[in-house]
Amino acid sequence: MKKFLVIQQKMIGDVLTSTILCEHLKIHFPESQVHFVINENTQAVVKGNPHIDEVVLFKDRYKKSKLDFYGFLKSIKKENYDVVIDVYCKFESNLISYFSKAAIKISYKKWYSKFIYTHLFTYSNNPDTKLGFAIENRLLLLSPLIQELDEKDLAPKIYLSDSEITQAEKLLKESKVDTTKPVLMIGVMGSDSSKSYPLEYLSQVIDFISKDLDVTFLFNYMPSQKGKVEELISLCSQKSRDAIREDIFCPSLRSFLGLLGQCDGYVGNEGGSSNMSKALGIPNFSIFSPWISKKAWLTFNDDKSNQAVHLSDFNPEILTISKKERKKNALEFYKSLKPQLFEEQLRSFVEDEIFTNK
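Bear in mind the structure is a predicted one, so any value in this text is a computation, not a measurement.

Trainee: Help me understand the overall build of the protein in this model?
Mentor: When helices and strands are tallied, the protein shows 15 helices and 11 strands. For the protein, the C-alpha radius of gyration of 21 Å lies close to 21 Å, the compact-globule estimate for 358 residues. Overall, the C-alpha framework of the protein stretches about 60 × 50 × 40 Å when taken along its three principal axes. Counting only contacts in the protein whose residues sit at least 6 apart along the sequence, the fraction spanning at least 24 positions is 63%. As displayed, the protein offers around 17,000 Å² of accessible surface, 50% of which is attributable to carbon and sulfur atoms.

So this is what it looks like as structure tokens:
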């Protein structure tokens, strides 16, 4: 029996995307053990995943204590893994790979760590990708193990329990949400300001949807962002305000996922929330930050229920500016991505993917 270790520290979108590696391994090696290293703040999105035998948490304290980290590395060594797939490929995961003593160690080419791995790959830049670079580059790492994938178009999935689904249904019912009309989740904020569409513009997006369509809006935000939510609501029209249910809030990520699974669509910032909605099979309209790669993270871009806009769609020259510069001046670049530029695409998405399927 083979024993695999997949390493994917980082954020929710990265972790979700890498779950497809675990699924492919289980398909091709059904008797194997698949362990998955992730940061502890992302474990909610892999809970219940049948393709992961054990979640190995990289705890926050390992970054603060060399002694604790060393203890973690020794525990990895004791597992006697046959194969390590290091998707993260940073200093911490390099050490995890090294200590594993696995016969096969797979990752990406980095000058500082190439001596650790037995198989190294360069990031793909396939211009015709439909899966998106984020998925294609991960599938590269499976090639030393699997000659041809049985299911090439696997998408990341989140698995909800029956009780989590029931609780979300109960929340909507007790909150007197009319589920006969579409319920849209709005991603209010990105993970930081450089990934957050200006509230002035997001309010216009909400107003555009509510102007001619009868919907209910739910908001995804953290308690620390309550002030931003109130600011956003203050910028919306009265009709939009009447359709917003800011009182419906989930205290945990799993309860939020249950609620998101009850929604008819997601509209808002590209990032963790948009990736979670895709993993739940919810129609998704994402607004990309000017410095994030749409080629990488617009996965399955041939699916009409999965759409996104990026400043480069309207101003391709933006991509001639370095990623570092675009990140540094993200707020200025965002100002050029006015909602009017994608109103027709948004209208088509809401009418065809939300209302038609309701």
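Next comes the rest of the write-up.
Trainee: Just checking my understanding: could you explain the pattern of salt bridges for this structure?
Mentor: If charged atoms from side chains of opposite charge come close, those side chains can pair. The final tally for this structure, using the stated rule, is 14 salt bridges. When the shortest N-O distance is used, the salt bridge between Asp-68 and Arg-61 registers 3.4 Å. Taking the shortest distance from any N to any O, the salt bridge between Lys-170 and Glu-174 comes out at 4.0 Å. Pair noted here: Lys-170 and Glu-174 are both in helix α6 (residues 162-174), with a separation of 4 residues, about one helical turn. Looking at Glu-174, the relative accessible area reads 55%, which means it is exposed.

Trainee: Sorry if this is basic, but what is going on with the nonpolar core here?
Mentor: In this structure, Val-45, Ile-85 and Met-276 are the most contacted members of the largest nonpolar core, which totals 49 residues. In terms of residues, this core owes the most to one element, helix α1 (residues 12-28), which gives 7 residues. Core analysis: the next-biggest nonpolar cluster, separate from the first, contains 36 residues, Val-188, Val-205, Leu-311 and Leu-337 among them.

Trainee: What exactly am I supposed to notice about the pairing of strand β2 (residues 33-39) here?
Mentor: In regular strands, side chains alternate between the two faces of the sheet. The element β2 is largely enclosed, with a buried count of 6 among its 7 residues. Sheet topology places strand β1 (residues 3-7) next to β2; 5 bridges connect them, and they run parallel. Bridge pairing links Leu-5 to His-35 in β2. Here 5 bridges tie β2 to strand β3 (residues 54-58), and the two strands are oriented parallel to one another. The residue of β3 that forms the bridge with Ile-38 is Leu-57.

Trainee: Just to check I follow, could you spell out the sheet that holds strand β5 (residues 104-108) for this structure?
Mentor: Two orientations exist for strands paired in a sheet by backbone hydrogen bonds: parallel and antiparallel. Pairing is parallel across the open sheet formed by 6 strands, whose spatial order is β3-β2-β1-β4-β5-β6. Every interior strand has two partners, whereas the edge strands, β3 and β6 (119-121), have only one. Taking the axes of each pair of neighbouring strands and ignoring which way they run, one obtains an average angle of 15° across the sheet. Where strand β4 (residues 83-86) meets β5, 3 bridges bridge the pair, whose relative direction is parallel. For Ile-85, the partnering residue across the bridge sits in β5 and is Ile-106. Helix α3 (residues 66-78) contacts β1 and β3 of the sheet and is inclined by roughly 155° relative to β3.

Trainee: Before we go on, may I ask you to explain the packing of α1 against helix α5 (residues 133-140) in this structure?
Mentor: A pair of packed helices is characterised by two quantities: the angle between their axes and the separation of those axes. For the pair α1 and α5, interaxial distance at closest approach is 10 Å and the crossing angle is 40°. One finds that α1 runs oblique with respect to α5. Both α1 and α5 take part in a crossing whose hand is right-handed. Here Asp-14, Thr-17, Ser-18, Ile-20, Leu-21 and His-24 of α1 come into contact with α5, specifically with Ala-134, Ile-135, Arg-138 and Leu-139. The residue inventory of the contact of α1 with α5, partitioned by class, reads 5 nonpolar, 3 polar and 2 charged.

Trainee: Just checking my understanding: could you explain the pairing of β1 for this structure?
Mentor: Counting buried residues in β1 gives 5 out of 5 residues, a clear majority hidden from the surface. Side chains of β1 alternate between two faces, with Lys-3, Leu-5 and Ile-7 and Phe-4 and Val-6 buried alike. After leaving β1, the chain enters α1 and then returns to the sheet as β2, a path that is right-handed.

Trainee: Teacher, can you tell me more about the packing of aromatic side chains here?
Mentor: To describe a pair of aromatic rings, you give the distance between the ring centres and the angle between the ring planes. On inspection of all chains with the given rule, the structure shows 15 aromatic pairs. Pairing Trp-111 with Tyr-112 gives two aromatic rings, centres 5.7 Å apart and planes at 85°, and the pair type is edge-to-face. Judged by its relative accessible area of 73%, Trp-111 is exposed. Their ring planes at 65° and their centres at 5.8 Å tell us that Tyr-197 and Tyr-334 sit as a pair that is edge-to-face. With Tyr-197 in the loop between β7 (183-187) and α7 (199-212) and Tyr-334 in helix α14 (residues 330-334), this residue pair connects regions lying 137 residues apart in the sequence. Each member of the pair, Tyr-197 as well as Tyr-334, carries the same accessibility label: buried. By the ring-pair criterion, three or more aromatic residues cluster together here, those being Tyr-197, Tyr-201, Phe-285, Tyr-334, Phe-342 and Phe-349. One cation-aromatic arrangement involves Lys-101 over Tyr-98; the distance from NZ or CZ to the ring centre is 4.4 Å. When the ring centre of Trp-291 is taken as reference, the NZ or CZ atom of Lys-327 above it lies at 4.5 Å.

Trainee: I tried to follow unusual backbone geometry on my own but got confused; where do I start?
Mentor: If a residue is not glycine, its phi is most likely negative; likewise, a peptide bond is most likely trans. One non-glycine residue, Cys-89, lies in the positive phi region at around 55°. The residue Cys-89 is located in the loop between β4 and α4 (91-100) in this model. Of note, the phi angle at Lys-101 is positive, near 60°, even though the residue is not glycine. Assignment of secondary structure puts Lys-101 in the loop between α4 and β5.

The rules we used
Numbers given to residues run from 1 along each chain, matching the order in which its sequence is written. Local features in this predicted model are restricted to residues of pLDDT 70 or higher, and side-chain atom pairs are both shown and tallied only at a pLDDT of 80 or more, whereas totals for entire chains, interfaces and linings draw on every residue. Based on all heavy atoms of the structure, the side-chain values leave hydrogens and waters out of the count. Helix numbering and strand numbering both begin at the N terminus, where a helix is a DSSP run of H or I of at least 4 residues and a strand a DSSP run of E of at least 2. For a compact globule the rule gives 2.2 Å times the number of residues to the power 0.38, and the radius of gyration it is set against comes from C-alpha atoms. In this analysis, two residues are considered to be in contact whenever any of their non-hydrogen atoms come within 4.5 Å of each other. Note on areas: these come from Shrake-Rupley sampling with a 1.4 Å probe, and a residue is covered only by the protein chains present in the view. One side-chain nitrogen of Lys or Arg within 4 Å of one carboxyl oxygen of Asp or Glu is enough to make a salt bridge. Exposure categories follow from relative accessible area, calculated using a 1.4 Å probe and restricted to protein chains: below 20% of the type maximum is buried, above 50% is exposed, and the middle band is partly exposed. Nonpolar cores are built from buried Ala, Val, Leu, Ile, Met, Phe, Trp, Tyr and Cys residues. Side-chain atoms within 4.5 Å join them into one set. For two strands to be treated as a pair, DSSP must find no fewer than two bridges joining them. In this description, a line fitted to the C-alpha atoms serves as the axis of each element, helices being fitted only across the stretch in contact, and the angle between N-to-C directions of two axes falls anywhere from 0 to 180 degrees. Each angle is binned into one of four classes, with values under 35 degrees roughly parallel, values over 145 roughly antiparallel, values of 65 to 115 roughly perpendicular, and all other values oblique. By definition, turning the near helix anticlockwise from the far helix through less than a right angle yields a left-handed crossing, and turning it clockwise yields a right-handed one. Side-chain classes follow a simple rule in which Ala, Val, Leu, Ile, Met, Phe, Trp, Tyr, Cys and Pro form the nonpolar group, Asp, Glu, Lys and Arg form the charged group, and the remainder, Gly included, forms the polar group. For the handedness criterion, the strands are oriented away from the viewer, and a crossover whose path from the first strand over the helix to the second runs clockwise is classed as right-handed. Within 6.5 Å between ring centres, the rings of Phe, Tyr and Trp (the latter by its six-membered ring) count as paired, and their orientation is classed by plane angle as stacked under 30 degrees, edge-to-face over 60, tilted in between. When the NZ atom of lysine or the CZ atom of arginine is within 6 Å of a ring's centre and also within 35 degrees of its normal, the charge is said to sit over that ring.

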